[in-house]
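Reading the structure
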Amino acid sequence: IERLFGADGEDFARVVTVADELRATACGEAVTYVVNRNINYTNICTYSCGFCAFAKGRSARTLRGPGYDLDLAEIGGYRAQRSEVRAELGVGPEELIVGTIANFREQKDYPNLLGAIRLLADRGTAVRLLAIGQGPLEDEVRNLVRALGLDDRVSLTGHRPDAARLLAAADIFTLASKWEGLPVALMEALALGLPVVATRVGGLAEVLSDPDGALLV
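The structure presented is a predicted model; accordingly, all values stated were derived computationally and were not measured.

1. A few points about the overall build of the protein
Helices and strands together make up the secondary structure of the protein, namely 10 helices and six strands. The buried share of the protein, taken over its 217 residues, is 45%. Excluding contacts between residues fewer than 6 apart, the proportion of contacts in the protein whose partners are at least 24 apart in sequence is 65%. Of the roughly 10,800 Å² of accessible surface on the protein, 52% is carried by carbon and sulfur atoms.

Below, the structure written as structure tokens:
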């Protein structure tokens, strides 16, 4: 961890090497949590792929550089656009929108999330999943959506620079992650005042301590 914090943020290859060495002796969840929790999503490379939390931060020379800035007032203001955003998405007033901002990677456990949406649909809930993100497992996720018969219950938006604004259309925010640090998406959901259903992993349990606003499973 000491070597990881000392790695030069402009030397992406070195950062990856050190992180991989650390993962060889510690579980991936622990590494993700330690890195994300302590460096607050500092950008470690100049790429804009958006696949990782680091890509959302501002450029910094080292891992201890400036972190991710959240304008809570701006994000909270999106609540006033709820009806407008739901109309843009073609969402009916009776639909329960479960929103997530999660890229298509193993960590985010979309099979678990889609299985839960299928269960709700089978119980007669007018539910729709609003999934904002992109990633290498997109084809697998789309295939699973079709296999579960959820084509009319799942909206995959791809990468959206206005993700927080889209999330204002949701009634509930969810993360089905297998491991997490302290996700920016969670902070945005809380700024929007959304109740949260999430897995009890990493920093999620640390932040979501209010039983009135969150359910950890």
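From this point, the narrative continues.
2. Some points on helix α6 (residues 110-122)
Between its first and last C-alpha atoms α6 spans 18 Å; for 13 residues at 1.5 Å apiece the expected length is 18 Å, and the two agree. Looking at the buried positions of α6, the neighbouring elements they touch are β1 (96-101), β2 (127-132), α7 (138-147), β3 (154-158) and β4 (172-175). Once α6 finishes, Gly124 follows within two positions and takes phi at roughly 90°, a positive value.

3. Quick notes on the nonpolar core
Among the nonpolar cores identified, the biggest contains 46 residues, and Leu129, Leu167, Phe173 and Leu208 are the most heavily contacted of them. In contact with Leu167, other than residues within four places in its own chain, are Gly99, Thr100, Ile101, Ile132, Phe173, Ala189, Leu192 and Leu194.

4. Section: the pairing of β4
The pairing of β1 with β4 spans two bridges and is classified as parallel. When the sheet's bridge partners are listed, Val98 is paired in β4 with Ile172. One ladder, built from three bridges, connects β4 with strand β5 (residues 196-198); its direction is parallel. Residue pairing for β5: Leu175 is matched across the bridge by Ala198.

5. Overview of the confidence of the model for the protein
Residues of the protein with pLDDT of at least 70 account for 66%, and the chain-wide mean is 77. Put simply, helix α3 (residues 28-39) is where the protein has its lowest mean pLDDT, 49, and α6 is where it has its highest, 97. Low pLDDT, under 50, characterises residues 37-67; the stretch is placed with 73 contacts to residues that sit more than four places away or in other chains.

6. Brief notes about the packing of α6 against α7
Orientation of α6 relative to α7, taken along the N-to-C sense of each, is 20°, at an axis distance of 11 Å. Considering their axes alone, α6 and α7 lie roughly parallel with respect to each other. α7 is crossed by α6, and the crossing has right-handed handedness. In this structure, α6 uses Tyr110, Pro111 and Leu114 to contact α7, whose residues at the interface are Val141, Leu144 and Val145.

7. Brief notes about the packing of aromatic side chains
Across all of its chains, the model carries one aromatic pair by this definition. When the centroid spacing of 5.0 Å and the interplanar angle of 55° are considered together, the rings of Phe104 and Tyr110 count as tilted. The same class applies to Phe104 and to Tyr110, which are both buried.

So, how was this worked out
Position numbers for residues start from 1 in each chain and track the written sequence from start to end. For a predicted model such as this one, the threshold for reporting local features is a pLDDT of at least 70, and the threshold for listing and counting side-chain atom pairs is 80 or more; totals across whole chains, interfaces and linings nevertheless cover every residue. Each side-chain value is derived from all of the structure's non-hydrogen atoms; neither hydrogens nor water enter the calculation. Only DSSP runs of H or I with at least four residues qualify as helices, and only runs of E with at least two residues qualify as strands; both kinds are numbered from the N terminus onward. Partly exposed describes any residue whose relative accessible area lies between the buried limit of under 20% and the exposed limit of over 50%, with all areas from a 1.4 Å probe on protein chains only and scaled to the type maximum. Any pair of residues with heavy atoms lying within 4.5 Å of one another is described as a contacting pair. Here the Shrake-Rupley method, with its probe set to 1.4 Å, supplies the accessible areas, and only the displayed protein chains count as covering residues. Any helix carries an expected span of 1.5 Å times its number of residues minus one. Nonpolar cores are built from buried Ala, Val, Leu, Ile, Met, Phe, Trp, Tyr and Cys residues. Side-chain atoms within 4.5 Å join them into one set. Only strands joined by at least two bridges in the DSSP assignment are considered to pair. Each residue carries a pLDDT value, the predictor's own confidence for that position, ranging from 0 to 100. Lines are fitted to the C-alpha atoms to define the axes, a helix being fitted only along its stretch in contact, and any angle between axes, read from their N-to-C directions, falls within 0 to 180 degrees. In this scheme, roughly parallel covers angles under 35 degrees and roughly antiparallel covers those over 145, while 65 to 115 is roughly perpendicular and the rest are oblique. Crossing handedness is defined as follows: a turn of the near helix away from the far one that is anticlockwise and smaller than a right angle gives a left-handed crossing, while the clockwise case is right-handed. Stacked, tilted and edge-to-face pairs are distinguished by plane angle, under 30 degrees for stacked and over 60 for edge-to-face with tilted covering the rest, among Phe, Tyr and Trp rings (Trp via its six-membered ring) whose centres lie within 6.5 Å.

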